[in-house]
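# Architecture at a glance
Residue strings, one per chain:
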Amino acid sequence: MVPGFRRLFRLSGREPGPAEDIAAEFEAHLQMKADALIRAGRSPDEAWREAEARFGPLERFALECGRIDRTERRERRLREWWSGLLQDLRLAGRGLLRSPGFTVTAVLVLALGIGLNATVFSVLRGVVLRPLALPGSDRVLALHSSNPAAGWPEFSVSPADFLDWSREIRSLRAMVAWVSYDAAATGLGPAEQVPASAVTSGFTEVTGVRPALGRPFVEAEFAPGAPRVVIISHEAWVTRFGGTADVLGKSWILDGENREIVGVMPPGFVFPAARSDAWLPFQMPPDAMSQRGAHYLTVAARLADGATLEQAHTELVTLAARLERDFPRSNSGWTVLLRPLHEEVVREARPTLLLLMNGVWLLLLLASANVANLVLVRAAGRSGEVAVRSALGAGRSRLVRHALSEVMVLVAVGAALALPVALLGTDLIRRLAPPGVPRIDEVRLDSVALFFTLGVTALSAVLVGIVPARRILRADLRRALAGSGGRSVGQHRALHRWLVAAETALALALLAVAGVLLKSKTRLEAVDPGLDPSSTLVASVSLPDKRYPTSESIVRFQGELLAQAEALPGVESASLIFGLPLSGFGWSGSFTIDSVPVPDGVRQSAQVRVVSGKYFTTQRIPVLEGRRFTTEDRRGSRRVVVVSAAAARHFWPGATPIGRYLRFGVRPSDDRPEGEIVGIVGDVREHGLDQEPRPIAYVLADQVAVDEVALLLRTSVAPVSVAPGLRRIVSALDPELPLSGIRTMEDVLRDATAPQRFRVWLMGFFALLAVALAGLGMYAVLSHIVSQRTREMGLRRALGASDRQVRGEVIRSGMRDAALGATVGLGIGWLITRKMSDLLFQVTPGDPVVLAGSAALFLGVALLACWVPARRATRADPGLVLRGE
């Protein structure tokens, strides 16, 4: 807008007076000087700015004359600006409606980019960033026993060590230990298993949470022989007891014991990460101080006021060193590992979610670059319109505002559509997340996620809007008005190329990451677990101590269960195991060989699995040497042991263990039965397909009775079809005994690789979407360039150029940009994969095969995106072009 004194008085609503006449003459003088500058090559805006800089600002002169009020002028300018913005938005909306293809494409691209960012941020916040729902959760710590030299860098805690820590560590205000398990709940309908935790007396002080209804445990309830009580979760109170206030004092039968309900925890209380429906007082065994080698407690603690993590670590390590000196046989090599409880809960999920967050950031940048390129292509075809607006008096600031109005409308509509995308995405991730992801139920699109979405929207608007603004500020409007606006594409060819190259680089980087994860997952799933998971049904059976107090009662029930289960139609064999492979549950034990004392500082230990006689047949684990268990091996007969090949290699290198004896315990005087090794079986990857097989010692369930086992049925029919019959058998044997965890062994194996599949699915989706967006961007740019060069293409064909030559030029032009971006993208992908080596299995970061394959796939898509516009270029009719000339 051309500045002038008369315009200022029009803004004020006054008619010019004598002083204004003087100012008008002064304005005419400035106009003459400005015209001279325009003839010298200056633009109108530049000429007026230079004239005013030389002869003084007119507005200050007017203010000195007292004819214009500052406030009134500011308000009028604000009203003009707001009115102009609304007008620009209306015009932008109408313009976008006239181009539905461009509008729909840009809006959907932005909606996906913004919505996926909001989705992954919501998951990252819900799982990793949000503090635990405990008062002062930053001062709550997780504690572990640690013996790296023995292969246990992070292990559970023995009762004796826990008691020593509780008594002597001053930097910890309170400490709690617990054991989590599934309890058989009866008396409220069909028997079922509920998650329960037996906790020590520091439970309330460490968590900082009291029951919302009722009271916490009192000290006397942790003593042996104390009344049986229980605190239940809010969810159990609502679903099992109807949410009535008179629940206090009622009984709940858990594992055959009547327990009085004394409290109900607040809604959403979870400690520490696994859900529990019942908390019971843990009664320390009388011989706890002698159980230094039995590690089975999980421990957490709260820092004392003024204490630091470093102080607690120093005290605990010092105490562990002293215990190692005092009890060398049980504590040799053991120290203490501690970390904030929040880190303990989220540390396994953090790398995956951070990887996904980086992936969607790259996707947002790609989406913004894509839309920016589309906007630039659209603006290039409207250079004549912009020139006309400028000739009619619109300054460059007004032209920029008009161009940004379209961007604002696109981003606003895209952000509005991003909200349902984010809601759908968070719901899908909650449903598809692999087992074991902590706090996944807490993921939701809350106010913080909405603010994050607004920030992402603003960033997208800046990234997209900077392109048309830059173009207008640098455009030669006089040339466009003279009729050469159609050639403006050539002027901005470099910007188009850089945007296409940026899209290519980002898309190829995401494709490389997804390719490396896919190869890692493929390698992991190809690993032999050491057993045959096909046609096998799995179920969990836990026998309550009160109804099955002796080893004989346990063995008798399990024997009847196996006999009747094996008689079911379609069942080939049935067996039991304590510590199902790949379930994350098991037991480790120390032992002596041939009753030879173990020197101080030396530890012989292996995974111990209690199995029934037909276990190796059911799981199809091969016998490598000796024999498997037979019917002759039963309770009361000579005890026998079968070891894995890893145990044979580790403890008897170059020799056979057949005929040797194992006694579990670290001294020959330990009151533990001896077992003769009668066979060697194949290795089983108990702790994960990505973990090397560990030494395993198998003992017979008839000889070492355990009350919590997994039942396995190998079938000749669909495994799930025998589940109803199995339920009937258990109900007939014990109506109050629940059968839980019914699934196939293939499901167990699938759950073991679920985190890898989850990463591949999401990153693969992001990568394919990125490739599609990059291909769309290349297609849009080349299509517009071809449409602007129709005259040139027609003339070239009229002068003898073949269709192949015309197509080749267009394809080479697009593929040069793609090749430039691919080179950069391969470098970015190589750098990213080097940072994610902990997430890969048997794949080298920056794997050349994966990078080459990703580049080939993307260049194939790029070639397709170039081929379609190239074909269109050969359809230009030379005759029509020549007639137009």
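Being a predicted model, the structure only gives us computed values, none of them experimental. (Residues numbered from 1 in each chain as written. Predicted model: local features only at pLDDT ≥ 70, side-chain atom pairs only at ≥ 80, totals over all residues. Heavy atoms only, no water.)

### Examining the overall build of the protein chain
Scanning the protein chain from N- to C-terminus turns up 29 helices and 22 strands. Within the span of the protein chain, comprising 885 residues, buried residues form 50% of the whole. In the protein chain, of all internal contacts separated by at least 6 residues, the share reaching a separation of at least 24 is 80%. Just so you have it, the protein chain exposes about 40100 Å², and 57% of that area is on carbon and sulfur atoms. (Helix = DSSP H or I, 4+ residues; strand = E, 2+ residues; numbered from the N terminus. Buried < 20%, exposed > 50% of the residue type's maximum accessible area, 1.4 Å probe, protein only. Contact = heavy atoms within 4.5 Å. Areas by Shrake-Rupley, 256 points an atom, 1.4 Å probe, with all protein chains shown as cover.)

### Let's talk about the side chain of Gln 619
Tracing the backbone shows Gln 619 in helix α21 (residues 615-619). Relative accessible area serves as the criterion here: at 0%, Gln 619 is assigned to the buried category.

### Details of helix α10 (residues 309-326)
Helix length check: α10, at 18 residues, gives a terminal C-alpha distance of 26 Å against a target of 26 Å (1.5 Å per residue), a fit within 8%. Taken residue by residue, α10 has Ala 312, Leu 316, Leu 319, Ala 320 and Leu 323 as its buried positions. The buried residues of α10 occupy an angular sector of 105° when the element is viewed end-on, so they sit on one face. What points out from α10, more than 90 degrees from its buried face, is the exposed set Glu 310, Thr 318 and Arg 325. Residues of α10 that are buried make contact with β1 (140-147), α7 (159-168), β3 (172-186), β10 (298-303), α11 (328-331) and β11 (335-340). (Expected span 1.5 Å × (residues − 1). Arc of directions from axis to C-beta.)

### Quick word on the side chain of Asp 633
When you line up the elements, Asp 633 lands in the loop between β16 (623-626) and β17 (640-644). According to the relative accessible area criterion, Asp 633 is buried, its value standing at 7%. One polar contact links the side chain of Asp 633 to the main-chain amide nitrogen of Thr 630, over a distance of 3.0 Å. Dropping the residues within four chain positions of it, Asp 633 is found in contact with Arg 627, Arg 628, Val 640, Leu 700, Asp 702 and Gln 703. (Polar contact = N/O pair within 3.5 Å; in protein donor to acceptor, adjacent residues only side chain to side chain.)

### A look at the pattern of salt bridges
Overall, the coordinates contain 30 salt bridges when judged by the stated rule. Between Lys 250 and Asp 246 there is a salt bridge whose closest N-O contact spans 3.8 Å. Residue Asp 246 is classed as partly exposed on the basis of its relative accessible area of 48%. Asp 427 is the partner of Arg 430 in a salt bridge, and the nearest nitrogen-oxygen pair spans 3.5 Å. Placement of both Arg 430 and Asp 427 in helix α15 (residues 396-432) is noted, with a separation of three residues, approximately one turn of the helix. Here Arg 430 falls in the partly exposed class, since its relative accessible area comes to 31%. Asp 427 sits in the partly exposed class, given a relative accessible area of 25%. It is possible to trace a salt-bridge network through shared partners that takes in Glu 154, Arg 339, Glu 344 and Arg 347. (Salt bridge = Lys/Arg side-chain N within 4 Å of Asp/Glu carboxyl O.)

### Some points on the packing of helix α20 (residues 551-566) against helix α23 (residues 723-733)
Each pair of packed helices can be described by the angle between their axes along with the distance between the axes. At a closest axis distance of 10 Å, the pairing of α20 and α23 adopts a crossing angle of 145°. Viewed along their axes, α20 and α23 form a crossing whose handedness is right-handed. Contacts between α20 and α23 involve Phe 557, Glu 560, Leu 561, Gln 564 and Ala 565 from the first element and Leu 726, Ile 729, Val 730 and Leu 733 from the second. When its residues are assigned to classes, the contact of α20 with α23 shows seven nonpolar, one polar and one charged. (Axes fitted to C-alpha atoms, helices over the stretch in contact; angles between N-to-C directions. Left-handed = near helix turned anticlockwise from the far one by under 90°. Nonpolar A, V, L, I, M, F, W, Y, C, P; charged D, E, K, R; others polar.)

### Some details on the packing of α7 against α10
Relative orientation of the contacting elements α7 and α10 amounts to 130°, with a least axis distance of 11 Å. In this view, α7 runs oblique relative to α10, as classed from their interaxial angle. Crossing geometry of α7 relative to α10 is assigned as right-handed. Taking contact as the criterion, the partners of Asp 161, Asp 164, Trp 165 and Glu 168 in α7 are, on α10, Glu 315, Leu 316, Leu 319, Arg 322 and Leu 323. (Parallel < 35°, antiparallel > 145°, perpendicular 65-115°, else oblique.)

### Some points on unusual backbone geometry
Positive phi outside glycine occurs at Ser 535, with the angle close to 50°. Topologically, Ser 535 is positioned in the loop between α19 (493-525) and β12 (536-542). The backbone of Gln 842 sits at a positive phi, close to 55°, despite the residue not being glycine.

### Describing the confidence of the model for the protein chain
For the protein chain, per-residue confidence averages 79 on the pLDDT scale, and 80% of positions sit at 70 or higher. Looking at the elements of the protein chain, mean pLDDT is at its lowest for helix α18 (residues 488-491), recorded as 47, and at its highest for strand β6 (residues 229-232), recorded as 94. With pLDDT under 50 throughout, residues 1-5 is counted as low confidence; its partners more than four residues away or in other chains account for 16 contacts. A low-confidence stretch, residues 666-671 (pLDDT under 50), is modelled with 12 contacts involving residues beyond four sequence positions or located in other chains. (pLDDT = per-residue confidence, 0-100.)

### Side note on the pairing of strand β8 (residues 257-264)
Of all eight residues making up β8, six are buried, and the element is well covered by its neighbours. Judged from the two bridges that link them, strand β5 (residues 213-214) and β8 form a sheet pairing that is antiparallel. Looking across to β8, one finds that Leu 213 is bridged to Val 264. Pairing between β6 and β8: four bridges, direction parallel. Note that in β8 the partner of Val 229 across the bridge is Glu 260. Across four bridges, the pairing between strand β7 (residues 251-254) and β8 is antiparallel. If you follow Leu 254 over to β8, its bridge partner there is Glu 257. Between β7 and β8, which follow one another and run antiparallel, lie two residues, and Asp 255 among them has a positive phi close to 55°. (Pairing = 2+ DSSP bridges.)

### Topic: the nonpolar core
Grouped together as the largest cluster of nonpolar side chains are 111 residues, with contacts concentrated most on Phe 271 and Met 763. Per-element tally for this core: the top contributor is helix α25 (residues 754-788), with 17 residues. Once residues lying within four places of it in the same chain are set aside, the contact partners of Met 763 are Leu 355, Leu 356, Gly 359, Leu 510, Val 513, Ala 514 and Leu 517. Grouped together as the second largest cluster of nonpolar side chains are 44 residues, Ala 574, Leu 576, Val 641 and Val 709 included. (Core = buried A, V, L, I, M, F, W, Y, C linked by side-chain atoms within 4.5 Å.)

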